[in-house]
Amino acid sequence: MKTLILKRLCFVLPQLVLVAAVVFVLLRILPVDPVDRIAGQFATPELRAQVEEELGLDRSLGTQLGSYLAGIFQGDFGTSWLTSDPVREEMVERFPLTLQLITLAFFVALAIAIPLGRASAAREGSRVDKAAQSYSLFAGAQPDFWWGLMFLFLFFFKAGILPAPLGVLTPGRQAPDEITHFILLDALIRGQLGVFVDALRHLALPVITLAFVLTGPFTKMTRQSVLSVSKSEYMLYADATGLSERAMKRSLLRNGLAPVLTLAAIFFGFLLGGAALIETVFTLNGLGLYAVQRMLVVDFPAVQGVVVWMTAFALLMYLIMDLLYAALDPRVRYSE
Amino acid sequence: MLLEVKDLSIEYGSVGAPNHGVCAVSFSISEGEIVGIVGESGSGKSSAMLAVLGLTREGGRIVNGSVRFEGQELLGLTREEWRAFRGSSIGLVTQSPRAALNPVRRVGEQIAEVYRSHRKATKAQARERALELLRLVGINDPERRHDAYPHELSGGMAQRILIAIALSCTPKLLIADEPTSGLDATVQAQVLDDLRRVTREVGSSLALVTHDLGIVANYCDRVYVMESGEIVEESDVESFFARPAHPASLALLSKQQDSQDEALRLRGAPLDRIVLPSGCFLHPRCPFADQASGCMTEHPPLYDIGAGHRSRCHRHQTVRDALPSRYASA
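Residues numbered from 1 in each chain as written. Chains lettered and ligands numbered in written order. Predicted model: local features only at pLDDT ≥ 70, side-chain atom pairs only at ≥ 80, totals over all residues.

## A closer look at the overall build of chain A
Here is the rule: For the purposes of this entry, the term helix denotes a DSSP run of H or I that reaches at least four residues, the term strand denotes a run of E that reaches at least two, and both are numbered from the N terminus. Exposed residues have 12 or fewer other C-beta atoms within 10 Å of their own C-beta, buried residues have 20 or more, and residues in between are partly exposed; the C-beta atoms are placed from the backbone. Two residues form a contact once the distance between their C-beta atoms, set from the backbone, is within 7 Å.
On a plain count of helices and strands, chain A comes out with 14 helices and zero strands. Ordered by position from N to C terminus, the α and β elements of chain A give α-α-α-α-α-α-α-α-α-α-α-α-α-α. Each principal axis of the C-alpha atoms in chain A carries an extent, and together these give about 85 × 55 × 40 Å. Looking at chain A as a whole, 33% of its 336 residues are labelled buried. Within chain A, contacts between residues separated by at least 24 positions form 73% of all contacts whose residues are at least 6 apart in sequence.

## With respect to helix α1 (residues 45-52) of chain B
All names here are of chain B. The buried fraction of α1 is high, at eight of eight residues. Burial in α1 covers these residues: Lys45, Ser46, Ser47, Ala48, Met49, Leu50, Ala51 and Val52. Two residues or fewer after α1 comes Gly54, characterised by a positive phi angle close to 75°.

## A look at the domain arrangement of chain A
Residue and element names in this part refer to chain A. So the rule is basically this: Residue ranges for the domains originate in an automatic or database domain assignment. Gly is placed with the polar residues, together with every amino acid not listed as nonpolar (Ala, Val, Leu, Ile, Met, Phe, Trp, Tyr, Cys and Pro) or charged (Asp, Glu, Lys and Arg).
Entries for chain A in the domain assignment read domain 1 (2-73) and domain 2 (91-328). For domain 1 and domain 2, the distance between their C-alpha centroids amounts to 32 Å. Taken residue by residue, the interface counts 15 residues in domain 1 and 14 residues in domain 2. Counting only elements with at least two residues in the side of domain 1 that touches domain 2, the list comes to α1 (2-28) and α2 (34-39). For the side of domain 1 that touches domain 2, the per-class residue count stands at 12 nonpolar, one polar and two charged.

## What to know about the domain arrangement of chain B
How big an interface is tends to be reported as the loss of accessible area on association of its parts. Residue and element names in this part refer to chain B. Splitting chain B by domain gives domain 1 (3-224) and domain 2 (228-322). Look at where the C-alpha atoms of domain 1 and domain 2 centre, and you get two points 28 Å apart. The partner domain 2 presents 18 residues to the 23 residues of domain 1 that form the contact. Broken down by secondary-structure element, the contributors of at least two residues to the side of domain 1 that touches domain 2 are β2 (19-29), α9 (213-219) and β9 (222-227). Among the elements that take part in the side of domain 1 that touches domain 2, β2 stands out by supplying eight residues, more than any other. Looking at the side of domain 1 that touches domain 2, its residues break down into 12 nonpolar, eight polar and three charged.

## Brief notes about the pairing of strand β1 (residues 3-12) of chain B
Residue and element names in this part refer to chain B. The cut-off we apply is this: For two strands to be treated as a pair, DSSP must find no fewer than two bridges joining them.
Judged from the seven bridges that link them, β1 and β2 form a sheet pairing that is antiparallel. Paired with Glu11 across the strands is His20, a residue of β2. In this antiparallel pair of consecutive strands, β1 and β2, the connection spans six residues, and Gly13 shows a positive phi of 75°. Relative to strand β4 (residues 60-69), β1 runs antiparallel, the two being bridged by eight bridges. Looking at β4, one finds that Ser9 is bridged to Asn64.

## Here we look at the interface of chain A and chain B
On the side of chain B, 25 residues touch chain A, which itself brings 18 residues to the contact. Elements with a minimum of two residues in the side of chain A that touches chain B: α10 (233-240), α11 (245-281) and α14 (330-335) of chain A. Looking at the side of chain A that touches chain B element by element, the count peaks at five residues for α10(A). The residue makeup of the side of chain A that touches chain B, split by class, is seven nonpolar, five polar and six charged.

## Overview of the pairing of β4(B)
Residues and elements named next belong to chain B. Direction of pairing for β4 relative to strand β5 (residues 72-73): antiparallel, over a ladder of two bridges. The partner of Arg68 across the bridge, within β5, is Glu73. Counting the residues between successive antiparallel strands, the hairpin from β4 to β5 contains two residues, one of them, Glu70, with a positive phi of roughly 50°.

## Here's the deal with the sheet that holds β1(B)
Residue and element names in this part refer to chain B. Selection criterion: To obtain an axis, a line is fitted to C-alpha atoms, over the contacting stretch when the element is a helix, and the angle between two such axes runs from 0 to 180 degrees between their N-to-C directions.
If you walk across this open sheet you meet the four strands as β2-β1-β4-β5, and the pairing is antiparallel. Looking at the sheet topology across the chains shown, the edges are occupied by β2 and β5. Helix-sheet contacts for α1 involve β1, β2 and β4, and the interaxial angle to β1 is about 120°.

## Here's the deal with the environment of B:Arg79
Residue and element names in this part refer to chain B. Looking at the element boundaries, Arg79 is found in helix α2 (residues 79-85). Overall, the presence of 9 C-beta atoms within 10 Å leaves Arg79 in the exposed class. Separated by 25 residues in sequence, Arg79 and Gly54 place their C-alpha atoms 9.6 Å apart.

## What about helix α12 (residues 287-296) of chain A?
Since one α-helical turn is 3.6 residues long, residues separated by three or four positions face the same way. Residue and element names in this part refer to chain A. Here α12 has its buried residues at Leu287, Gly288, Leu289, Tyr290, Ala291 and Arg294. The secondary structure elements touched by the buried residues of α12 are α5 (87-122), α11 and α13 (300-328). Positioned one or two residues after α12, Val298 has a phi angle of 60°, which is positive.

## What to know about unusual backbone geometry
Residues and elements named next belong to chain B. In this structure, Glu70 is a non-glycine residue whose phi angle is positive, near 50°. Phi at Ser228 is positive, roughly 50°, even though this residue is not glycine. Looking at the element boundaries, Ser228 is found in the loop between β9 and β10 (230-236). Exposure remark for Ser228: the 24 C-beta atoms within 10 Å place this residue in the buried category.

## Observations regarding the environment of B:Ser293
Residue and element names in this part refer to chain B. By secondary structure assignment, the location of Ser293 is in the loop between α11 (247-256) and β11 (303-304). With 18 C-beta atoms counted inside 10 Å, the residue Ser293 sits in the partly exposed group. Residues Ser293 and Pro179, spaced 114 residues apart in sequence, show a C-alpha to C-alpha distance of 39 Å. Apart from the residues lying within four places of it in its own chain, the contact partners of Ser293 are His314 and Arg315.

## What about the packing of α5(A) against α12(A)?
All names here are of chain A. Operational definition: Any angle between 65 and 115 degrees counts as roughly perpendicular, while under 35 counts as roughly parallel, over 145 as roughly antiparallel, and the rest as oblique.
One way to put it is that α5 packs onto α12 with a least axis distance of 7 Å and a crossing angle of 130°. Classified by the angle their axes make, α5 and α12 are oblique. Where α5 abuts α12, its residues Glu90, Met91, Arg94, Phe95 and Thr98 lie against Leu287, Gly288 and Tyr290. For the contact of α5 with α12, the residue count by class is four nonpolar, two polar and two charged.

## Topic: the sheet that holds strand β7 (residues 173-177) of chain B
Residues and elements named next belong to chain B. Spatially, β6-β7-β8-β3-β9-β10-β12-β11 is the arrangement adopted by the eight strands of the open sheet, whose pairing is mixed. One side of each edge strand has no neighbouring strand; the edge strands of this open sheet are β6 (90-93) and β11. Its contacts with the sheet place helix α7 (residues 155-167) against β6 and β7, and it is angled at close to 170° to β6.

Below, the structure written as C-alpha cells:
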C-alpha cells in the first residue's frame, strides 16, 4: 500500500508542473494585452513600460515561467493584477464555499444513486428500472446551469420556498467568525443555528442542481456494476452454496461499489469545473465565480492559480479514490 | 435412493418458441455411488445437474418434472428452503474455480462463510472448520492458504478450495461439474483422486459431470450419457465400456481415442433445440440413422438391453456390434 501511494505521488508532481506550465503559456499567447487593460488605452509609453515592468512582462517567457513555478513550490501563487492581493489568500477565502457546494452535491448524488442503482439492477426491466434509466438520460441531456435556472424558477419564483440566488447568506446577516472557513461548520461550532439554516437554504438549490445532474450517471454506473456482479459466476456459485442472504447482499454491494467509486472520483474533478457556472447562476462567491470574473478582467495570476489549485485538488481526489479501491479490491494492490 | 430425478424439463429463451435445454430427463443416484454424467458440450448435462439445486443459467426455467432427495420433493421449495438446502445437503463444484470464488475475499473466509450460513458456529469455530477442510482436500500449509485471495492460487489449488466449500457441511451428495476441465493432466488426476478420497471419507455420493470418458472409466460406478437434452444411454461402467449401445456414446469414445473413423462420428455441432426434429433428435447428425428403422419418424424410447443397460436408439443392436473390439478395452 505504501509503495502504491509513493508511486502515485511521483506521478502527481510532474502532472502539476505540466499543467501549471501549459496554462501559463496558453494565457500568454492569448490575443489580449494585459498592459492595455491595466494602464488604459491612452497611457503614455512611459506608463506602459512601468506597468510592464511591475507585472514582470518585460522579462522573457522562460524566466517568467521559471519564477512562477518556483513560487508555487513555496506556496506563492503570485499577486492578483486586479487587487494586488496575494492570489493564494484570495483562493483560500473562496475555496471553502466551492468545496462545501460540490461535496454536498457529490454525497447527495451518491446517497440517491446507490440505492436507486441497486434497486434498478435488482429488478432489471421493471418499472423502477425504466424510470431510473429515463431519468439518467433526461437529467444528463440538459446542461446544469439550465437546470439551475429551472429550479430557481420553480422553487424561488413560483413556489417561493427557497431564497433568491444572491450569495450564501441573506443580505444583512452576519457570517460567523471564521474558524474553518467552511460557513456551515463555523455556524455550527459557534452555535449560530440561524446562520446554519440560512446558509443551508441558500446552498439548497445549487446543491440540488448539481446533484440532480450527477445522480444520472451515478445511477447508471451503479446499476451497470451491480448488474454485472449479480450475474457473475461467483454470485451464481454463492447462490448454489446456499450462502446467507445477508452475506450475498454484502458481496453484491462491496464488489459492485468498488468500480463506482473510482468513476465517481473523475466526476468530482468535473464538478470543480461545473461549479463555475452554478456559482455564477447563484452568485455564490466561490472559486468558480472567482475564476470566471478574473478571466474577464485578464487577471492572469488569479486564473493560473485557480487552474493549478483545482488540478491539485482533482489529483488528490483520484489518489484517495484509488486507495479506497485498492482497499476494496486486493487484485489492484498486487498488480501495482 | 438418495437422489431421484423424473421427467425433468428445462427451457431457455422465450416462452413462445423456447429452446428445449433438457427434455424429460430421469436419473438416480444412490448412497455412496459415483455416477458419471457424460455428453458433448451443449448436451444439457450441466443444466440438468444445476436444476437439481433449483438453479438455472440466465433465461432458463424448470418447466416440468420432479426432483426427490431422500424422498423429499425439492421442486416447489420456497426461496428460504432452497437456501437452507443448497450447500448443506448437496455441494457443488464447478468447472472454473477461480471465477466461482469471490475475487475480493480471502478463500478461508469464503469457506467459513458458507459453513456459517448453514451451521450455528462462532467465527473462531468456522475458521477452525475452514482450516480442517483445507487439510482434508490436500492443501499444504493451510494457515497460509487460508489468507490467500483467489487470484493468488493455481487452478488446481482453487479447485480444491471449491471442493472444501462444497464439503463444508458434509453434504450427502457432491455434484462436480467438469471439475478438471481447466487443469493440466497431472493436476487433473490429483484433483480427481482427492475428490474421490474425500467423498469416501465423508461418505457422500458423487455426481461427476464430464465430457471425458477416461474419467468415467477410472472413477465412476455408473454412467448416464446425455445428448440433445436427453438421456440416451445408461449403464454400469463395465457393461458400458464393453459394448456401448448408442451412437452418441460411440462418438464420445472415438473422439477420446482420436479415431479417424468417420463412420463413428456425429456430423456437425449440436443443433438449436427450438424446433425438435421428428423421430430421434439425433438423426440429422447420426451415421447410423436409417429410414427403415424409423429413426426419422419415431422418437425412440429407452430400450432395455439387459442388466440395467438402456439405450435410446432404434438400432442399438447394430450400434453395439459396430464398435471394433480394439476400442472396447478403453
